[in-house]
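# Architecture at a glance
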Amino acid sequence: MQKKEIQNEAEAFLLSLSLFKENLDIKEYIKRLYAISNRIEDNYFVYKIPKKSGGTRTIYAPNYTLKYIQKQILEKLLKERYISKYAKAYYTGATLKDNALNHINKPVILKLDIENFFENITFYLVYEEVFYIFPENIRVLFTNLCLYKNHLPQGAPTSPYIANIIMRDFDEKIGVWCAKRNISYTRYSDDLTFSGNFESDEVIRKVKEELFKKHFKINKKKIHVIKNHAQQRVTGVVVNKKAQVSKIYRKEIRKEMYYIKKYGIKSHLEKIHSLKTPQEYLQSLTGKINFVLMINNEDREFQKYKQELRKINHFK
């Protein structure tokens, strides 16, 4: 096949993906696509948000056009790719509860964290392991469209699924290794959880070895070994005997419900000096209650709270 024919086929393939919302002729379509790819940093808004554990997390928000392009790449190309059963985040239907259920009532839980996870997923990894099935020029184009300054940006719709694809081989190797030793393993983004009866040092050595092959490493400050005489939490869910939200979390919701029923929503917001509108506050509280019910949908107390909030929201 001649070079011109190959180029025409590549352009026709790109056009078939409908990466722009508006209808464009093929010349304008390709021109705009490569213009965005070549100046990718101009198409992001970068800002920081505080972490619960302290410090900040950098968020890279793509503009409307780039976000639309990335969503099409996600839906039409990435979601066709297999990810490991040990990955418990970033796919349709994934929940915190699914991750936690694997670690209920275990004598030991080991929690590890991959250091600078998204920042260490670089052009080479994405080019080699995600878009390798495409011709060279399209391979480079797609990789550029999904990166920011040579790393996977937190905030792009493509990033989470790309991370799962990149980690697929690691997940399978660690999962099989753990299964042979009767250890439960799951990965929720950069959080690795192991549970069972085992020597934590042996698991840590194996994880370090496999992460090194991917050019990752463990965050030494976030190694946690939790025995079952202490509260065992996995991605925010208590798993000592059953999946449950912590007592402190539930107590805070009870307190909020008590005060809004006693004083009314507006007076309560004034007393706690909240800047939220009544609507914003009720939405936030409903979200907290929904989280409790997602973990334990038979909790009658919180089912009642949810019904009461609906009435308050209706009559406020």
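Nothing here was measured: the structure is a model prediction, and the numbers come from that model.

What counts as what
Residues numbered from 1 in each chain as written. Predicted model: local features only at pLDDT ≥ 70, side-chain atom pairs only at ≥ 80, totals over all residues. Heavy atoms only, no water. Helix = DSSP H or I, 4+ residues; strand = E, 2+ residues; numbered from the N terminus. Expected span 1.5 Å × (residues − 1). Contact = heavy atoms within 4.5 Å. Pairing = 2+ DSSP bridges. Polar contact = N/O pair within 3.5 Å; in protein donor to acceptor, adjacent residues only side chain to side chain.

Next up on the list: helix α9 (residues 200-213). Between its first and last C-alpha, α9 extends 20 Å over 14 residues, near the 20 Å set by a 1.5 Å rise per residue. Packed against the buried residues of α9 are β3 (108-113), α8 (168-179), β5 (191-196) and β6 (224-227). Histidine 215 lies just past α9 and shows a positive phi near 70 degrees.

Spatially, three strands are ordered β7-β8-β9 in an open sheet, and the strand pairing comes out antiparallel. This sheet does not close on itself; its edge strands, each paired only once, are β7 (233-234) and β9 (244-245). Where β7 and strand β8 (residues 237-238) come together, two bridges link them in antiparallel fashion. In the sheet register, valine 234 faces β8, and the bridge partner there is valine 237.

Let's shift gears to the side chain of asparagine 240. With respect to the helices and strands, the residue asparagine 240 is situated in the loop between β8 and β9. A polar side-chain atom of asparagine 240 sits 3.3 Å from the main-chain carbonyl oxygen of asparagine 228. Those residues in contact with asparagine 240 that sit more than four places away from it in its chain are Asn105, Asn228, Ala230, Gln231 and Gln232.

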